[in-house]
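Architecture and fold: a report
Spelled out from the first residue to the last, the chains are:
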Amino acid sequence: GRRAARAATQGWRLAGSRNVPGAGREGVDATGLAVTPGFVDIHTHYAGQVTWDDRFTPSSGHGVTTVLMGNCGVGFAPCRPQDRDTLIKVMEGVEDIRGAVMNEGLKWEWESFGEYLDALERKSRDIDVCALLPHAAVRVYVMGERALQLENANQADIAQMREIARDAMKAGAFGFSTSRSLSHKTLKGDPTPTLRVQEEELRGLALGMKDAGSGMLEMVSEWAPDHNAEFAMLRRVIEASGRPAVFTLTQRHARP
């Protein structure tokens, strides 16, 4: 960094660089500061704030220039009008974002995930955003009350979820997210709708990404009761879809 700074101020030429005559239209005095590439935060929950705010504090104040949002399977698209309050309650409990704020801020200019991205396009903001398709929203959209009761998806449900995932990736989603964590609950204490989903359902969503030729899986899990079996399941889903995945690794004092 220091060598590059000296090269810029004294006209030195670094390997692979070019001398560019003249000065830029705008100069910034960075004396005593660190000049770095922008940070990319791959785990955020701005899915609501992104629709009403143009400043992403505190992220943008810490040098973050791109965020990935919609992690942990929670978000607001796709969503039927009758399910809006359900998705707000899930987000409120899982991520501790006040329901009153979301009720006031969300304008619900969408139903499908593609329409959600269209709504985001209509607003400028101080950093770039990438969105994941949230599993809880997809499950409620397809299964309604059965999703909240943690029922298994049937073949028709899974086929519809696969289509939604495919269409979302084609519209610009960066992947889909899910949660299998016991710590993710609504304020009433109800578990997230994705807690006990079967491997076949996860595979169907992953195959939707394969159909689109893009997207990655983000997953949060307790790795319980058998972490070897859980990880093997994740591996099978990834290998069936050919898409990459990231997961949250946690260290528990009671279960090191």
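Residues numbered from 1 in each chain as written. Predicted model: local features only at pLDDT ≥ 70, side-chain atom pairs only at ≥ 80, totals over all residues. Heavy atoms only, no water.

**Here we look at the sheet that holds strand β2 (residues 64-69)**
Just so we agree on the cut-off: Being paired, for any two strands, means DSSP has found at least two bridges between them. To qualify as a helix, a DSSP run of H or I must reach at least 4 residues; to qualify as a strand, a run of E must reach at least 2; elements of each kind are numbered from the N terminus. Fitted lines through C-alpha atoms serve as axes, helices being fitted only where they are in contact, and the angles separating the N-to-C directions of these axes extend from 0 to 180 degrees.
As summarised here, the arrangement of the three strands in space is β1-β2-β3, forming an open sheet in which the pairing is parallel. Both edges of this open sheet fall to β1 (39-44) and β3 (128-131), since each of them pairs with a single strand only. Neighbour to neighbour, the strand axes of the sheet diverge by 20 degrees on average, direction disregarded. When β2 meets β3, the two strands line up parallel, connected through four bridges. Bridging from a neighbouring strand, M69 pairs with A131 of β3.

**Looking at the environment of D157**
Where we set the bar: Throughout, a contact is declared for two residues whenever any of their heavy atoms are within 4.5 Å.
Tracing the backbone through its elements, the reader meets D157 in helix α8 (residues 155-171). D157 sits 49 residues away from A206 along the chain, and the two C-alpha atoms are 14 Å apart. If we skip the residues at most four places from it in the chain, D157 touches V142, M143 and R146.

**A short note on the side chain of H45**
Note the following rule: Counted as a polar contact is a pair of N or O atoms within 3.5 Å, where, for protein atoms, one must be capable of donating a hydrogen and the other of accepting one, and residues adjacent in sequence contribute only when both atoms are in side chains.
With respect to the element layout, H45 can be found in the loop between β1 and α2 (49-52). A polar side-chain atom of H45 sits 3.1 Å from a polar atom in the side chain of E95. Here H45 is in contact with N71, C72, V74, E95 and I97, once residues within four sequence places are set aside.

**Regarding the pairing of β2**
Regular strands place their side chains on alternate faces of the sheet. What counts, and what does not: Summary of the burial criterion: residues with accessible area below 20% of their type's maximum are buried, those above 50% are exposed, and those between are partly exposed, where the area comes from a 1.4 Å probe applied to protein chains only.
Burial runs high along β2: five of the six residues are buried. Inspection of the sheet shows β1 paired to β2 by four bridges, in the parallel sense. Bridging from a neighbouring strand, V40 pairs with T66 of β2.

**Details of the packing of helix α9 (residues 199-212) against helix α10 (residues 227-241)**
Let me state the cut-off plainly: By definition in this entry, angles of less than 35 degrees are roughly parallel, angles greater than 145 are roughly antiparallel, angles of 65 to 115 are roughly perpendicular, and the rest are oblique. By definition, turning the near helix anticlockwise from the far helix through less than a right angle yields a left-handed crossing, and turning it clockwise yields a right-handed one. Three categories are distinguished: nonpolar for Ala, Val, Leu, Ile, Met, Phe, Trp, Tyr, Cys and Pro, charged for Asp, Glu, Lys and Arg, and polar for the others, with Gly belonging to the last.
Where α9 meets α10, the closest approach of the two axes is 8 Å, and the angle between their N-to-C directions is 30 degrees. If you check the angle between α9 and α10, you find them roughly parallel. At the point where α9 passes α10, the crossing takes the right-handed sense. Seen from α9, the contacting residues are E199, L202, R203, A206, L207 and K210; seen from α10, they are M233, R236, V237, A240 and S241. Of the residues in the contact of α9 with α10, the class split is six nonpolar, one polar and four charged.

**Concerning the environment of P58**
Looking at the secondary structure, you find P58 in the loop between α2 and β2. Placed 37 residues apart in sequence, P58 and P21 show a C-alpha to C-alpha distance of 38 Å.

**With respect to the pattern of salt bridges**
Put simply, the rule is: Whenever a carboxyl oxygen of Asp or Glu lies within 4 Å of a side-chain nitrogen of Lys or Arg, that contact is scored as a salt bridge.
Under the counting rule described, the total for this entry stands at 11 salt bridges. A salt bridge links R166 to D167; the shortest N-O distance between them is 3.1 Å. Here R166 falls in the partly exposed class, since its relative accessible area comes to 28%. Classification of D167 by relative accessible area gives partly exposed; the value is 40%. Put simply, E199 and R236 hold a salt bridge, and the shortest N to O gap is 2.8 Å. Residue E199 is found in helix α9, and its partner R236 is found in helix α10; the two are separated by 37 residues along the sequence. For E199, a relative accessible area of 22% translates into the label partly exposed. Here the salt bridges do not stand alone but share partners, grouping E199, R203 and R236 into one network.

**Quick word on α10**
In plain terms, the rule: One less than the number of residues in a helix, times 1.5 Å, gives the span that helix is expected to have. The arc in question is formed by the directions pointing from the helix axis toward the C-beta atoms.
Here α10 contains 15 residues, and its C-alpha end-to-end distance of 21 Å stays within 8% of the 21 Å for a straight helix at 1.5 Å per residue. When we look at burial in α10, the residues that qualify are E230, M233, L234, V237 and S241. Looking straight down α10, one finds its buried side chains confined to an arc of 95 degrees; they lie on one side. The outward face of α10, more than 90 degrees from its buried face, is lined by the exposed residues N228 and E239. On its buried face, α10 sits against β5 (175-180), α9, β6 (216-221) and β7 (245-247). Positive backbone phi, at 70 degrees, marks G242, one or two positions downstream of α10.

**Details of the nonpolar core**
Definition in use: Residues enter a nonpolar core if they are buried and are Ala, Val, Leu, Ile, Met, Phe, Trp, Tyr or Cys, with the set joined through side-chain atoms within 4.5 Å.
In terms of nonpolar packing, the biggest core is built from 57 residues, with F76, W110, F113, Y116, L133 and F176 touching the most fellow members. Only β2, α3 (84-95), α5 (113-121), α6 (135-143), α8, α9, β6 and α10 provide two or more residues apiece to this core. If we skip the residues at most four places from it in the chain, Y116 touches A47, V50, T51, M69, A77 and W110.

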